[in-house]
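Per-entry structural report
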Amino acid sequence: MMKARIASAAAALLLAGIAPVALAQEAAAPAAPTPPANANRWEKTVPTIASGEWTGPRLADGQPDVSGFWSNTISNHSNFTDPQAGPPGEPSAAAKLPRDQRAPSRVSDPADGEIPYLPAARALQEDFARNFPNPDKPRYIEPLARCAPGGVPKSFMWHGYEVRQYPGYVVFLFDSGTRIIRLDGSPHLPSEIKLWNGDSRGHWEGNTLTVDTRNNNGKALFGRYGDFMSENATVAERFVFAPDGSRFNYVATFTDPTVYARPWTATIPARRYTTADTPDGWHFDVKPVNAPGKPLEYEHWERICAENNGPFGGGAVGVPSDGPVIDR
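If you're wondering where the values come from, they're calculated on a predicted model, not measured in any experiment. (Residues numbered from 1 in each chain as written. Predicted model: local features only at pLDDT ≥ 70, side-chain atom pairs only at ≥ 80, totals over all residues. Heavy atoms only, no water.)

1. Observations concerning the overall build of the protein
- On a plain count of helices and strands, the protein comes out with two helices and twelve strands.
- If you sum the accessible surface of the protein, you get close to 15700 Å²; carbon and sulfur atoms cover 56% of it. (Helix = DSSP H or I, 4+ residues; strand = E, 2+ residues; numbered from the N terminus. Areas by Shrake-Rupley, 256 points an atom, 1.4 Å probe, with all protein chains shown as cover.)

2. Brief notes about unusual backbone geometry
- The amide bond that connects aspartate 109 to the next residue, proline 110, takes the cis arrangement and shows omega of 15°.
- Note on placement: proline 110 falls in the loop between strand S2 (107-109) and helix H2 (119-131).
- Note the cis peptide between valine 152 and proline 153, where omega equals 0°.
- Secondary-structure assignment places proline 153 in the loop between H2 and strand S3 (161-166).

3. Structural notes on the packing of aromatic side chains
- Counted according to the given criterion, the structure contains 29 aromatic pairs.
- Aromatic side chains tyrosine 117 and tyrosine 260 sit 5.8 Å apart centroid to centroid with 50° between the ring planes, which places their arrangement in the tilted category. On the criterion of sequence distance, the pair formed by tyrosine 117 in the loop between S2 and H2 and tyrosine 260 in the loop between strand S9 (247-255) and strand S10 (264-273) is long-range, its members being 143 residues apart. Across this residue pair, the class does not change: tyrosine 117 and tyrosine 260 are buried.
- Both rings, one in tyrosine 273 and one in phenylalanine 284, keep their centres 5.6 Å apart while their planes meet at 25°; by these two values the pair is stacked. Residue tyrosine 273 is located in strand S10, and its partner phenylalanine 284 is located in the loop between S10 and strand S11 (286-288); the two are separated by eleven residues in the primary sequence. Each member of the pair, tyrosine 273 as well as phenylalanine 284, is classed as buried.
- Here the aromatic cluster, defined as three or more aromatic residues joined through ring pairs, consists of Trp70, Phe156, Tyr161, Phe172, Phe174, Trp204, Phe239, Phe241, Phe248 and Tyr250. (Phe/Tyr/Trp six-rings, centres within 6.5 Å; stacked < 30°, edge-to-face > 60°. Buried < 20%, exposed > 50% of the residue type's maximum accessible area, 1.4 Å probe, protein only.)

4. Topic: the pairing of strand S4 (residues 169-174)
- Of all six residues in S4, six are buried; the element is thus mostly enclosed.
- Of the two faces of S4, the one carrying Tyr169, Val171 and Leu173 and the one carrying Val170, Phe172 and Phe174 are both buried.
- Bridge analysis of S3 against S4 gives five bridges, and the strand direction is antiparallel. In the strand pairing of S4, glutamine 165 is matched with valine 170.
- The turn joining S3 and S4, which pair antiparallel and follow one another in sequence, is formed by two residues; a positive phi near 85° is taken by glycine 168.
- Pairing of S4 with strand S5 (residues 177-182), which is carried by six bridges, proceeds in the antiparallel orientation. The partner of leucine 173 across the bridge, within S5, is threonine 178.
- Between S4 and S5, which pair antiparallel in sequence order, lie two residues. (Pairing = 2+ DSSP bridges.)

5. What to know about the pattern of salt bridges
- Across all of its chains, the model carries 14 salt bridges by this definition.
- In this structure, arginine 130 and aspartate 127 form a salt bridge, with 3.6 Å as the shortest nitrogen-oxygen distance. One end of the pair is arginine 130 and the other is aspartate 127, both in helix H2 and three residues apart, which spans about a single turn.
- A relative accessible area of 19% means that aspartate 127 is categorised as buried.
- Through salt bridges with shared partners, a single network forms among Asp82, Arg99 and Arg102. (Salt bridge = Lys/Arg side-chain N within 4 Å of Asp/Glu carboxyl O.)

6. With respect to the pairing of S10
- Among the ten residues of S10, nine are classified as buried, and the element is accordingly described as predominantly covered.
- Note: strand S1 (residues 68-72) against S10, four bridges, orientation antiparallel. Note on S10: the bridge partner recorded for asparagine 72 is alanine 270.
- Sheet topology note: the S9/S10 ladder contains eight bridges and is antiparallel. From the neighbouring strand, tyrosine 250 faces S10, where its bridge partner is isoleucine 268.

7. Observations regarding the side chain of glutamate 237
- Assignment of secondary structure puts glutamate 237 in strand S8 (residues 234-241).
- Accessibility expressed as a relative area gives 0% for glutamate 237, which makes it buried.
- Excluding residues within four positions of it along the chain, glutamate 237 makes contact with Val152, Phe156, Arg179, Ser200, Leu209, Thr210, Val211, Thr213, Tyr250, Val251 and Ala252. (Contact = heavy atoms within 4.5 Å.)

8. Observations concerning the confidence of the model for the protein
- With 80% of its residues at a pLDDT of 70 or more, the protein has an overall mean of 84.
- Counting contacts from residues 10-39, a segment whose pLDDT is below 50, to residues more than four positions away or on other chains yields eleven contacts. (pLDDT = per-residue confidence, 0-100.)

Spelled out as structure tokens, the structure:
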């Protein structure tokens, strides 16, 4: 199952340069309320994880060992600034709750939880959100619906993903593409080369993987409300891991003078899944390895891109095929 992913990662490296349930109840017992769909899937808070020393296990090359399966904890990619409210035109059950009872905006700075768009860019984002439920142009179909890579930062808000580590590299295996972070100090790719996941160079500072990402192609959207950055953006990313390796916070600052009035920061929490967890088809999206007589292992699903590739309003590749997303 993973052979195709490993081959994909290797090719990318070369291109980059290198218990039963009871069925009966007492008749007099009141019926329990029906929880909303996926009620236990998402948390409502973002844990505080401070940068500091790494006290967990290390790999042979000295990297903190963070390999394994991970997933975002507060919601999927439908709504970037109100994660549990649902996509345009399709409010979730949680959307009926007071705002302070839902997960906070992923925008952690500025304090109002909104992306500080320039007026023209805000108009484009709002136009996409208005037309998402009933798109009549290619520009209103989000890229993931057409099986494009999720990009930065959306890949961290979709299904669970796997982290693999090699000497000088950290590799993310997403449902929607592979991302490689080089740790060897090599220069970025030439500026004219643009990639869905950008070009990433990183290093470890204690428990924090610090990454500089540029060369984004500006085609991936952040979610179904059309939030975006252009190909001029740079992203300063920090993956801050808890000392016990159970969680990390993805903290990323976006700078793009052609789209934003000022730099802004997003925070996306994630937790680790292990063989102690039960596969759930979403966060822990894995199958057991066929290895009789050996300890239990899992492998990430090698999905075909089908679940969002259908004729519905909106979708999961929204940068227009019929023109630029913004006049830059």
